[in-house]
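In case you want the letters, here they are:
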Amino acid sequence: MSDDLIPALITGASSGLGAHFGRVLAANGFHVILAARRKAKVTALADALNAEGKSAEAIELDVANAASVTAAFAAMSRAPDVVINNAGIAGEGTALEMPEEVFTQVLDTNLKGVFLVSQAAARAMKKRGSGGAIVNIASILGLRVAGGVSAYSASKAALVQLTRAQALEWARYGIRVNALCPGYIETPLNRAFFETDPGKALVRRIPQRRLGQLADLDAPLLMLLSPGAAYLTGCALPVDGGHLVSSL
């Protein structure tokens, strides 16, 4: 990688939002470090980006495993100045019926994983003395709640609070920490649901009367990472078409 490119780690980069964020940052002059448990998928994306003249590398990373996090940071060509904590799982199920192991898996991935990766990155940033920027991908379900996703909602609410705690503690080292809170974003995985009657009813409750698109997250993400946002830390930024401010 060129020394003038900012290294940016994206977790959960094998598909969906993570892969999209990798493409966006690569297109905007970052060296992207694409991380996922399935290294083959992030390797394919890194190869494609490099073939386009961008700068990327792939690493294997299980965010919920401390040894894997340590090994991943050792494997990077350079410790990141930017981290996008995107890895997460839904763990759908009612609070009454959800098995303990599902709840634990959701919290381990969505919360502990962010703690472990952010801690490793912040230690490197502090040692380097040049600061950095961390964006934790939370959700509007960390700010309000819906049925059937109790573990997910709890993990994202805790992630918003962890973001604030990290921002408070790490500001003195020039490390900014913010949370991006997407609303309902259309992806190949949920497209079929939103074509059903319940899915269409949900969309009607969004004030803009539409689903978000992946591209709707690009400008907010880049803003949180930009030098122009140097005084912005500890915020939870909803990108949801006004869903959070809709009437109950």
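Higher on the page you've got the structure.
As a starting point, this report considers the structure included with it. (Residues numbered from 1 in each chain as written. Predicted model: local features only at pLDDT ≥ 70, side-chain atom pairs only at ≥ 80, totals over all residues. Heavy atoms only, no water.)

Right, let's talk about helix H4 (residues 100–128) for a bit. The terminal C-alpha atoms of H4 lie 40 Å apart, and with 29 residues this matches the ideal 42 Å at 1.5 Å per residue to within 8%. The largest bend in H4 amounts to roughly 35° and is located at Lys112. Directly beyond the C-terminal end of H4, a positive phi value near 80° is found at Gly129. (Helix = DSSP H or I, 4+ residues; strand = E, 2+ residues; numbered from the N terminus. Expected span 1.5 Å × (residues − 1). Bend = angle between axes of the 7 residues up to and from the residue.)

Positive phi values are uncommon outside glycine, yet Arg209 reaches one of about 55°. By secondary structure assignment, the location of Arg209 is in the loop between helix H6 (197–204) and helix H7 (218–225). Take Arg209: its relative accessible area is 54%, and that puts it in the exposed class. (Buried < 20%, exposed > 50% of the residue type's maximum accessible area, 1.4 Å probe, protein only.)

It is worth spelling out the packing of aromatic side chains at this point. Under the definition given, this model contains 2 aromatic pairs. Centre to centre, the rings of Tyr184 and Phe194 are 6.1 Å apart; their planes meet at 75°, and the pair counts as edge-to-face. Taken together, the residues Tyr184 in the loop between strand S6 (175–182) and H6 and Phe194 in the loop between S6 and H6 connect sequence positions 10 residues apart. A relative accessible area of 25% places Tyr184 in the partly exposed class. A centroid spacing of 5.1 Å and a plane angle of 65° characterise the contact between Phe193 and Phe194, whose relative ring orientation is edge-to-face. Of the residues examined, Phe193 reaches a relative accessible area of 39% and is grouped as partly exposed. (Phe/Tyr/Trp six-rings, centres within 6.5 Å; stacked < 30°, edge-to-face > 60°.)

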